[in-house]
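# Architecture and fold: a report
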Amino acid sequence: MKSYLFAPGPTPVPERALLKMALPIMHHREKVFENIFTEVRQGLKYLFETKQEVLILTSSGTGAMESAVCNLFSPGDRVLVVRAGKFGQRWGELAEAFGLVPVFADFPWGEAAVPNRIAEILQGDASIKGVLIQASETSTGVMHPIREIAEITSKREDVALVVDGITAVGVFELPMDAWGIDAVVTGSQKALMLPPGLAFVAFSDKAWKMAEKSRLPKYYFDLKKHLTSAQKSQTPYTPAISLIVGLNEILTMIKNEGLDEVFARHHRLAKATRAAVSAMGLSLLAKTSPSDALTAAVVPEEIDGVALKKAFLERYGITVAGGQDQLKGKIIRIAHLGYFDPVDMFQVIAGLEMALYKMGYDFTLGSGMKALEQELA
Ligand SMILES: *Cc1c(COP(=O)(O)O)cnc(C)c1O
């Protein structure tokens, strides 16, 4: 049986990038690598839509989240944490681990943050130094209104908008400079179509100014060191050389396709997947603001979501994600971010139909495929 990855990270890696990463290791202080690094820097600026340097860390995405926290703030700082899922919770845990005081803006899992609530909290608390949020909350499949929130934070010189863009960068519009986002973070194993192991972070001018005053402890994640090196196409420590060689290939692919087309492709696949699961009678967890990165479908009451996920894997070799915490067994999450095309989606929707059919769910077999084909044809 073949294996098919449809989880929102790690995602499939294009053959072109796999082949590049299989090349013999080169030395990171030699010219060949420096040239690759210079190209990668340009490609990352294009991807983040920023003039700022995008720093590359050897860690999973959470490392870049941590680097944003420990470089921007000082002990005791108050930060507004938007909590509408598992990854919003992570911002809160990170803030607490570093001795910050999180002020939570909680929203039901499945719903998007309401900018007015954030504006109200900021207005009522002049000591808040940052707003920490996801652009795409992967645990619920919701997209948060970053543009509107950036309009609010842009008016405050002392508040940094810190966006976890781990399933947003390279999926949908998130232009860092144009919208005035102060920190954008992502990782390699989602829309960047690479193995896990690289994390990325970029700071605005406002954020770099705040970084000057930050008194939280940091060493490997001291971003000023990374910036000074990156500007010379160097890294302060040994980089994940092969992953960066693969990244260069990926960034070339993204550049060739064009960011607008990358976003449009994700939107087409997302729209078709949402139509397919809806046609099968499943409801979407994200009703009003779905992310184009993944589809979170509510599993019918009579079906056990954990058994459904297991059936996917054991019968068809398909990995999808289930729900976390309060959503365990209640939803399945189907990814369509990164290296996916229309025909890929046939596999996962057909798998879902067959698995539900075998489990006795009452629906018209083929209804999901029909909707998918109608959308994609
Ligand atoms: C995957 C993900 C993370 C965590 O990334 P790791 O690479 O597992 O550390 C954080 N935030 C979001 C929104 C994600 O999707």
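A brief look at the structure comes next. (Residues numbered from 1 in each chain as written. Predicted model: local features only at pLDDT ≥ 70, side-chain atom pairs only at ≥ 80, totals over all residues. Heavy atoms only, no water.)

## A few points about the overall build of the chain
What the chain contains, in helices and strands, is 14 helices and 15 strands. In terms of C-alpha radius of gyration, the chain reaches 21 Å, essentially the compact-globule figure of 21 Å for 377 residues. Projected onto its principal axes, the C-alpha positions of the chain cover 60 × 55 × 30 Å. Residues classed as buried in the chain amount to 60% of the 377 residues present. Accessible area for the chain stands at about 15300 Å²; split by element, carbon and sulfur atoms hold 54% of it. A gap of 4 Å separates the mean positions of the 40 positive and 42 negative side-chain charges of the chain. (Helix = DSSP H or I, 4+ residues; strand = E, 2+ residues; numbered from the N terminus. Rg over C-alpha atoms; globule rule 2.2 N^0.38 Å. Buried < 20%, exposed > 50% of the residue type's maximum accessible area, 1.4 Å probe, protein only. Areas by Shrake-Rupley, 256 points an atom, 1.4 Å probe, with all protein chains shown as cover. Lys, Arg positive; Asp, Glu negative; His and termini not counted. Charge placed at Lys NZ, Arg CZ, Asp CG, Glu CD.)

## Notes on the nonpolar core
Of all hydrophobic cores here, the largest spans 66 residues; its most connected members are Leu174 and Leu247. By residue number, the principal contributor to this core is helix H10 (residues 241-257), which donates nine residues. Core analysis: the second largest hydrophobic core is formed by 34 residues, Ala64, Val81, Phe203 and Leu227 among them. (Core = buried A, V, L, I, M, F, W, Y, C linked by side-chain atoms within 4.5 Å.)

## A short note on the environment of Glu249
Within the secondary structure, Glu249 is located in helix H10. Assessed through its relative accessible area of 14%, Glu249 is described here as buried. Aside from chain neighbours lying at most four places away, what touches Glu249 is Arg16, Ala17 and Lys20. (Contact = heavy atoms within 4.5 Å.)

## A word on the site of the ligand
Taken together, 14 residues sit near the ligand, with Ser60, Thr62, Thr138, Asp164 and Lys190 positioned nearest. The side chain of Thr138 places a nitrogen or oxygen atom 2.5 Å from an oxygen atom of the ligand. Contacts to the ligand include Asp164, whose side-chain N or O atom sits 2.6 Å from a nitrogen atom. In terms of residue count, the dominant contributor to the shell around the ligand is helix H3 (residues 61-72) (three residues). (Near = heavy atom within 4 Å. Polar contact = N/O pair within 3.5 Å; in protein donor to acceptor, adjacent residues only side chain to side chain.)

## So, unusual backbone geometry
The bulk of non-glycine residues show a negative phi, and the bulk of peptide bonds are trans. With an omega of -5°, the peptide bond running from Gly9 to Pro10 counts as cis. A positive phi angle, close to 55°, is found at Met193, a residue other than glycine. Tracing the backbone through its elements, the reader meets Met193 in the loop between strand S9 (183-187) and strand S10 (198-203).

## Concerning the sheet that holds strand S12 (residues 294-298)
Spatially, four strands are ordered S11-S12-S15-S14 in an open sheet, and the strand pairing comes out antiparallel. Each end of this open sheet is capped by a strand with a single partner; those strands are strand S11 (283-284) and strand S14 (321-322). (Pairing = 2+ DSSP bridges.)

## Remarks on the side chain of His226
As for its placement among the helices and strands, His226 is situated in helix H9 (residues 223-230). On the basis of relative accessibility, which here comes to 6%, the residue His226 falls in the buried class.

## Details of the pattern of salt bridges
Once their charged atoms are close, side chains differing in charge can pair, the charge on each being opposite to the other. Under the defined criterion, the tally for this structure stands at 14 salt bridges. The closest approach of N and O atoms between Arg41 and Glu53, which form a salt bridge, is 2.6 Å. Taken as a pair, Arg41 in helix H2 (residues 31-48) and Glu53 in the loop between H2 and strand S2 (55-58) lie far apart in primary sequence, twelve residues in all. Note that Arg156 and Asp158 form a salt bridge whose closest N and O atoms lie 3.4 Å from each other. One connected set of salt bridges, linked through shared partners, spans Arg41, Lys45 and Glu53. (Salt bridge = Lys/Arg side-chain N within 4 Å of Asp/Glu carboxyl O.)

## Focus: the packing of helix H5 (residues 115-124) against helix H6 (residues 146-154)
Here H5 crosses H6 at 20°, and the two axes come no closer than 9 Å. Of the possible angle classes, the one that applies to H5 and H6 is roughly parallel. Relative to H6, H5 is oriented so that their crossing is right-handed. Contacts between H5 and H6 involve Pro115, Ile118, Ala119 and Leu122 from the former and Glu148, Ile149, Ile152 and Thr153 from the latter. Within the contact of H5 with H6, the residues separate by chemical class into six nonpolar, one polar and one charged. (Axes fitted to C-alpha atoms, helices over the stretch in contact; angles between N-to-C directions. Parallel < 35°, antiparallel > 145°, perpendicular 65-115°, else oblique. Left-handed = near helix turned anticlockwise from the far one by under 90°. Nonpolar A, V, L, I, M, F, W, Y, C, P; charged D, E, K, R; others polar.)

## Remarks on the sheet that holds strand S4 (residues 101-106)
On the basis of which strands lie adjacent, the open sheet formed by seven strands has the order S2-S10-S9-S8-S5-S3-S4 and mixed pairing. Unpaired on one side and paired on the other, S2 and S4 mark the two borders of the sheet. On average, each strand axis in the sheet is tilted by 20° relative to the strand beside it, whichever way the strands run. As judged from the five bridges shared by S9 and S10, these two strands associate in the antiparallel manner. Of the residues in S10, the one forming a bridge with Thr186 is Phe200.

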